[in-house]
Every structure is written in C-alpha cells, then in structure tokens.
Amino acid sequence: MPSFEAVVYHKALPQGSKNAYKNKYTGNVMLVESVKGLKQARLGLSRELEQLAAQHGWIKPDKEIPITIETVFYYKRGTSVTREHHTIRPDGDKLQRFFWDSVTQAISIWVDDSQVTDWVGKKRYAPADNNTDHIFFRISY
C-alpha cells in the first residue's frame, strides 16, 4: 500500500467559519472567512506538501481510489500547560478541513478530498522536545 508521512511546521488554522457582510450598494451578501491569513496559510502549506510528495516519489492515485489519512495537529504548549490533549479551540473538524483543502490545492497528492474514506485526527499540545506548532500526517491508499 503506497503511503507517505511527514511533519510540516505550520500552525493549523480553523477553516469553515465565515462572516456575512451585506454590500450597501447592491444588497448582495458576501461570505468572508473569519480567520485572517487563511488563504495564504493554506497556499504555503500546499506548496510544502507538493515538495514533500515529490521527495517521497508519491504517485497521485486515480479519483476512484480510496485514501486513508491520519493527522495530528500539535500546538505550542504554554508554560503552565501540563496536559497532553488540546481541549480548547479550534475545533478538530475545522482543522481537518484546512489540511484536506491544502492537500487538494497541492494537486499532486489526490484528485479531491472526497477520496478520503478513512481518517483519524488528533489535537495535542506539542511535546517538550519540539514545542512548536506543527502537523504530523500520513496519507496512504
């Protein structure tokens, strides 16, 4: 079963919450991502994922091939935090959306995130020996 895994040093941002604004001239409602810098963060992550896929010799599966993905989102641990599990915002499903859309944007890993049939996602505080925001992932088919 082809797979590749890596750690990327990016802070996972929540994707999915939007703010609605009404255009005072046209009356049209515009939806805007509530997290500033989300588009740029996703683009930066997708570029790094492209490079990693190439380095690992990853071959993009056809759109009918089911994909399994495991992600662990690590957040920098504050000095007073002693627990392992990151039980505060952001929500895990919004982190998954950010990561999966970054992978889709990377075009050489999968055709679309609808190919993902099995997944595991976790949120943790970073271990003491690597106290930085980062993402571990494993993708296989």
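These remarks concern the structure in this document.

1. Observations concerning the environment of Gln96
Phase 1 of the analysis: Inspection of the secondary structure assignment puts Gln96 in helix α2 (residues 92-105).
Phase 2 of the analysis: Judged by its relative accessible area of 10%, Gln96 is buried.
Phase 3 of the analysis: Once the C-alpha coordinates of Gln96 and Gly78 are considered, the two residues, 18 residues apart in sequence, prove to be 23 Å apart.
Phase 4 of the analysis: Ignoring sequence-local partners within four residues, the contact set of Gln96 consists of Thr71, Phe73, Trp119 and Gly121.

2. Some thoughts on the nonpolar core
Phase 1 of the analysis: Leu49, Phe99, Ile109, Phe137 and Ile139 are the most contacted members of the largest nonpolar core, which totals 27 residues.
Phase 2 of the analysis: Of all the secondary structure elements, the ones that give two or more residues to this core are β1 (3-8), α1 (38-55), β4 (67-75), α2 and β6 (134-140).
Phase 3 of the analysis: With residues up to four places along the chain from it excluded, the contact list for Phe137 reads Phe4, Glu5, Ala6, Val8, Leu49, Leu52, Glu70, Thr71 and Phe99.

3. Section: the pattern of salt bridges
Phase 1 of the analysis: Per the stated rule, a full pass over the model turns up three salt bridges.
Phase 2 of the analysis: One salt bridge connects Glu70 with Arg138, and the closest N-O pair in it is separated by 2.6 Å. Here the residue Glu70 occupies a position in strand β4, and Arg138 occupies one in strand β6, the gap between them amounting to 68 residues.
Phase 3 of the analysis: The partly exposed category is assigned to Glu70, whose relative accessible area is 21%.
Phase 4 of the analysis: When the shortest N-O distance is used, the salt bridge between Arg124 and Glu84 registers 3.4 Å. Of this pair, Arg124 sits in strand β5 (residues 116-125) while Glu84 sits in the loop between β4 and α2, and the two are 40 residues apart along the sequence.

4. Digging into α1
Phase 1 of the analysis: Along its 18 residues, α1 runs 26 Å from first to last C-alpha, staying within 8% of the 26 Å computed at 1.5 Å per residue.
Phase 2 of the analysis: Residues of α1 that are buried: Leu38, Arg42, Leu45, Ser46, Leu49, Leu52 and Ala53. The arc enclosing the buried residues of α1, seen along the axis, measures out at 125°, which places them on a common side. Looking at α1, the residues exposed on the side facing more than 90 degrees away from the buried face are Gln40, Arg47, Gln51, Ala54 and Gln55.
Phase 3 of the analysis: Those residues of α1 that are buried lie in contact with β1, β3 (29-33), α2 and β6.
Phase 4 of the analysis: Just past α1, the residue Gly57 takes up positive phi, approximately 65°.

Cut-offs used in this document
- Residues numbered from 1 in each chain as written.
- Predicted model: local features only at pLDDT ≥ 70, side-chain atom pairs only at ≥ 80, totals over all residues.
- Heavy atoms only, no water.
- Helix = DSSP H or I, 4+ residues; strand = E, 2+ residues; numbered from the N terminus.
- Buried < 20%, exposed > 50% of the residue type's maximum accessible area, 1.4 Å probe, protein only.
- Contact = heavy atoms within 4.5 Å.
- Core = buried A, V, L, I, M, F, W, Y, C linked by side-chain atoms within 4.5 Å.
- Salt bridge = Lys/Arg side-chain N within 4 Å of Asp/Glu carboxyl O.
- Expected span 1.5 Å × (residues − 1).
- Arc of directions from axis to C-beta.

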